[in-house]
Amino acid sequence: MRTPAWMTLKSRVSATALASALTVAAAAGVAVFPVTAAHAQSAGAVRGLPDFTDLVDQVGPSVVNIRTLEKVSNNAGEALGMDEDMLEFFRRFGLPVPKVPGGRAPKGGQTEEEQPRGVGSGFVLTSDGYVMTNAHVVEGADDVIVTLTDKREFKAKIVGSDKRTDVAVVKIDAKNLPAVKIGDVSKLRVGEWVMAIGSPFGLENSVTAGIVSAKQRDTGDYLPFIQTDVAINPGNSGGPLINMRGEVVGINSQIYSRSGGFMGISFAIPVDEAIRVSEQLRTAGKVTRGRIGVQIGPVTKEVAESIGLGKPEGALVSAVEPDSPSAKAGVEPGDVITKFDGKAIEKVSDLPRMVGNTKPGTKSTITVLRRGKLKELSMVIAEVPSDEAVKTKAGSGGNSKTPQGVLENKSLGLTLSELTSAQKKELSVKGGVRVTAAVDAAARAGLREGDVILQLANAEVSDLKSFEAAWAKADKSKPVNVLVRRGDWAQYVLIRPSK
């Protein structure tokens, strides 16, 4: 067969351009290596994009659409002077009937209608009808309708829902359903291709794909989210995040957006965390979590260096709840919890997850750093009250009458006084000194009147005498760490002494 003229011309141009390029490169002293067919094939394999068609065929039938309905009371008796045609108009378009005080009731009186509430996604967890989705998808719904890919619809029963992790399980009356395969999140790698299937804006079985952008992304108390750039929009919530082996590794739950639509950042609940929650929901209908009764915060680099921790890790105890496991074990404000049951606390969010996943009644140990020394404490884990947020009490910390003892430290900018017995009882502390005035260095560090100092330069402060002793031993050429109690909270503050 004769070669077309345009192909011959293209070949000549390509060959001429290649020869010119090699000549220029050689003249410039650049080493030139020939490109073999094997190299070209290898490079093409690296640059090639994945094909998701087989994954869609494999996992698609396990993904469901979830519609929620709510019953709305339509008191027609309050629609003054409104005829039946106008009432029907409002009902047909799902609009609330205007209410006018003192209106007379037409025939029919008060009625109750089901109106669409929202649309989400989910996936078949077990072949006997358990379906997993997000808690916010089914929250407040009177009826939940699950639609399979074969267009069969089922009215679902909400088995259980957990707001803290945004995981819910519903049950439909169906058998031999195609259940998903659960993947190993620990093997998921940043940069790995992943795929999502869901119902964005009600468009069922929509497929989007992208890569894992980050893991262990902290956006909540109990969940280290998987961050991706997979396109997720309203309606995708509750749908699966799938790896290239066709395994579910997450539940698409949140997006970062300033517009309400997708902006390139999506978050998925790790499936191993979701499975733990779902097992409790299926067996008990609720999730039981452990608690130890402390308020915690992060450890900054400056504080870590000043208290001898070395690097910023662990959880800084800012307050201890009375009669809590921590209080009974002897945990004190200012302690840095470095380990829980022997596992290192690398960042502050690790502790609530470890404690939350511990069964109430379990005997556990924590390791704390206190005044430069490690100490191990034992406690029995308590249970988090159901649907109760952690609240902190507002306290003044210093309204009692000031005693006679007063100490002034000009280098730190502090005027201090002894604590009264009433103040110690109110703050649940054994000792400390009260700030009656904070100027210069102390003021710049953020201290103010009414604060209580519990430690100075890693030394315990029980009264004015112990404060003076700790100050005498402190290195005055460096910032001094001070543990300050304000109300129910305690935190470390660095004061740079004036010269």
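This is a predicted model, so every value here is computed, not measured.

As a further point, take the nonpolar core. Counting 30 residues, the largest nonpolar core has Phe 123, Met 132, Val 167, Ile 226, Leu 241 and Ile 269 as its most contacted members. At the level of elements, β3 (130–133), β6 (167–171), β8 (193–198), β10 (224–228), β12 (247–255), β13 (266–270) and α6 (271–284) are the ones that each hand at least two residues to this core. Among the elements that line this core, the one with the most residues is α6, at five residues. Ile 453, Leu 464, Phe 467 and Ile 495 belong to the second-largest nonpolar core, a separate cluster that totals 22 residues.

This part covers the confidence of the model for the protein chain. Overall, the predicted model of the protein chain reaches an average pLDDT of 80, with 77% of residues at or above 70. Low pLDDT, under 50, characterises residues 100–107; the stretch is placed with 12 contacts to residues that sit more than four places away or in other chains.

Glancing now at the packing of aromatic side chains. Tallied over the full model, the rule gives two aromatic pairs. When the ring of Phe 52 is compared with that of Trp 193, the centres are 6.0 Å apart and the planes differ by 65°; the resulting orientation is edge-to-face. With Phe 52 in the loop between α2 (37–47) and α3 (53–59) and Trp 193 in strand β8, the pair connects residues that are 141 residues apart, well separated along the chain. Residue Phe 52 is classed as buried on the basis of its relative accessible area, which comes to 15%. Measuring from ring centre to ring centre gives 6.2 Å for Phe 225 and Phe 267, while their planes differ by 70°; the resulting arrangement is edge-to-face. Remark: Phe 267 occurs in strand β13 and Phe 225 occurs in strand β10; sequence separation between them is 42 residues. Geometry around Tyr 130 places Lys 171 over its ring, the cationic atom sitting 5.4 Å from the centre. Across the ring face of Trp 471, the terminal group of Lys 476 is positioned such that the distance to the ring centre comes to 4.7 Å.

You will see that Asp 341, though not glycine, has its phi angle at about 50°, which is positive. Looking at Asp 341, the relative accessible area reads 37%, which means it is partly exposed. Positive phi outside glycine occurs at Arg 371, with the angle close to 50°. Of note, Arg 371 is situated in the loop between β19 (363–370) and β20 (373–380).

This paragraph deals with α6. When the terminal C-alpha atoms of α6 are compared, their 20 Å separation across 14 residues agrees well with the 20 Å that a helix rising 1.5 Å per residue should span. Within the sequence span of α6, burial applies to Val 271, Glu 273, Ala 274, Ile 275, Val 277, Ser 278 and Leu 281.

If you walk through the whole model with that rule in mind, you get one cavity of 30 Å³ or more. Around the largest cavity, the lining residues are Val 63, Val 64, Asn 65, Thr 147, Leu 148, Thr 149, Ile 197, Gly 198, Ser 199, Glu 204 and Asn 205. Elements with a minimum of two residues in the lining of the largest cavity: β1 (63–75) and β8. Element by element, the count of residues in the lining of the largest cavity is highest for β1, at three residues. In the lining of the largest cavity, the residues fall into four nonpolar, six polar and one charged.

Right, let's talk about the pairing of strand β17 (residues 336–340) for a bit. Remark: a regular strand shows side chains that alternate across the two faces of the sheet. Buried residues dominate β17, accounting for four of its five residues. Bridging between strand β16 (residues 315–320) and β17 involves two bridges; their strand directions are antiparallel. Across the sheet, the residue bridging to Leu 316 is Val 336, located in β17. Pairing of β17 with β19, which is carried by four bridges, proceeds in the antiparallel orientation. Across the sheet, the residue bridging to Ile 337 is Val 368, located in β19. Pairing of β17 with strand β18 (residues 343–344) involves two bridges; the strand directions are antiparallel. Bridge pairing in β18 places Phe 340 opposite Lys 343. As consecutive antiparallel partners, β17 and β18 are separated by two residues, and within that stretch Asp 341 has a phi angle of approximately 50°, a positive value.

Moving on, we come to the pattern of salt bridges. Counting across every chain of the model gives 16 salt bridges. Where Arg 289 meets Asp 162, a salt bridge forms, and the shortest distance between an N and an O atom there is 2.5 Å. In this pair, Arg 289 is assigned in the loop between α6 and β14 (290–291) and Asp 162 in strand β5 (residues 153–162), connecting sequence segments 127 residues apart. Each member of the pair, Arg 289 as well as Asp 162, carries the same accessibility label: buried. A salt bridge links Arg 276 to Glu 273, with the shortest nitrogen-to-oxygen separation between them at 3.2 Å. Linking Arg 276 with Glu 273, this pair stays in helix α6, spanning three residues, or about one helical turn.

Moving on: the environment of Arg 370. Structurally, Arg 370 can be placed in strand β19. Leaving out residues up to four positions away in the same chain, Arg 370 has contacts with Gly 330, Val 331, Glu 332, Asp 335, Lys 375 and Leu 377.

Because the α-helix completes a turn every 3.6 residues, residues three or four places apart line up on one side. Inspection of helix α12 (residues 464–473) places Leu 464, Ser 466, Phe 467, Ala 470 and Trp 471 among the buried residues, and these make up the whole buried set. One side of α12 holds all its buried residues, which, seen down the axis, span an arc of 160°. In α12, those exposed residues whose orientation departs by more than 90 degrees from the buried face are Lys 465, Ala 472 and Lys 473. The inward-facing, buried residues of α12 contact β22 (406–409), β23 (414–418), β24 (433–438), β25 (452–456), β26 (459–460) and β27 (480–486). Residue Asp 463 occupies the N-cap position of α12, its side-chain oxygen lying 3.3 Å from the main-chain nitrogen of Lys 465.

Looking now at the side chain of Asp 162. Judged by relative accessible area, Asp 162 falls into the buried class, the value being 6%. At 2.5 Å, the side chain of Asp 162 and the side chain of Thr 165 are in polar contact. Contact partners of Asp 162, with chain neighbours within four places excluded, come to Ala 135, Val 167, Val 277, Leu 281, Val 287 and Arg 289.

Calculation notes
- Each residue is numbered by its place in its chain's sequence as written, counting from 1.
- It should be noted that, the model being predicted, local features are given only for residues of pLDDT at least 70 and side-chain atom pairs only at 80 or more, the latter also being counted only at that level, while totals for whole chains, interfaces and linings use all residues.
- Think of the side-chain values as coming from all heavy atoms in the structure, minus any hydrogens and water.
- Buried residues of nine kinds, namely Ala, Val, Leu, Ile, Met, Phe, Trp, Tyr and Cys, make up a nonpolar core once their side-chain atoms join them within 4.5 Å.
- Any residue under 20% of the maximum accessible area for its type is buried, any over 50% is exposed, and the rest in between are partly exposed; the area is computed with a 1.4 Å probe on protein chains only.
- A run of DSSP states H or I qualifies as a helix once it reaches four residues; a run of E qualifies as a strand once it reaches two. Both are numbered from the N-terminal end.
- Confidence of the predictor in every single residue is expressed as pLDDT, which spans 0 to 100.
- Here, two residues are considered to be in contact whenever any of their heavy atoms come within 4.5 Å of each other.
- Only rings of Phe, Tyr and Trp enter the pairing, Trp through its six-membered ring, and a pair is recorded when the two centres are within 6.5 Å. The plane angle decides the type: under 30 degrees is stacked, over 60 is edge-to-face, the rest tilted.
- By the criterion adopted, a ring carries a charge over it if an Arg CZ or a Lys NZ lies within 6 Å of its centre and within 35 degrees of its normal.
- Multiply 1.5 Å by the residue count of a helix minus one, and that product is the helix's expected span.
- A 1.4 Å probe that fits into a set of points on a 1 Å grid over the protein atoms alone but cannot get out defines a cavity; an open set with protein on both sides within 12 Å along at least five of seven lines defines a pocket, and lining residues are those with an atom within 4 Å of a point.
- Grid points are joined across faces, edges and corners, and a volume is the space filled by probe spheres set on the points.
- Three classes are used: nonpolar for Ala, Val, Leu, Ile, Met, Phe, Trp, Tyr, Cys and Pro, charged for Asp, Glu, Lys and Arg, and polar for all others, with Gly counted as polar.
- Only strands joined by at least two bridges in the DSSP assignment are considered to pair.
- By definition, a salt bridge exists where a carboxyl oxygen of Asp or Glu is found within 4 Å of a side-chain nitrogen of Lys or Arg.
- To be clear, the arc concerns the directions from the helix axis to the C-beta atoms.
- Identification of polar contacts relies on pairs of N or O atoms within 3.5 Å, with a donor-acceptor requirement for protein atoms, meaning one able to donate a hydrogen and the other able to accept it, and with residues adjacent in sequence counted only if both atoms are side-chain atoms.

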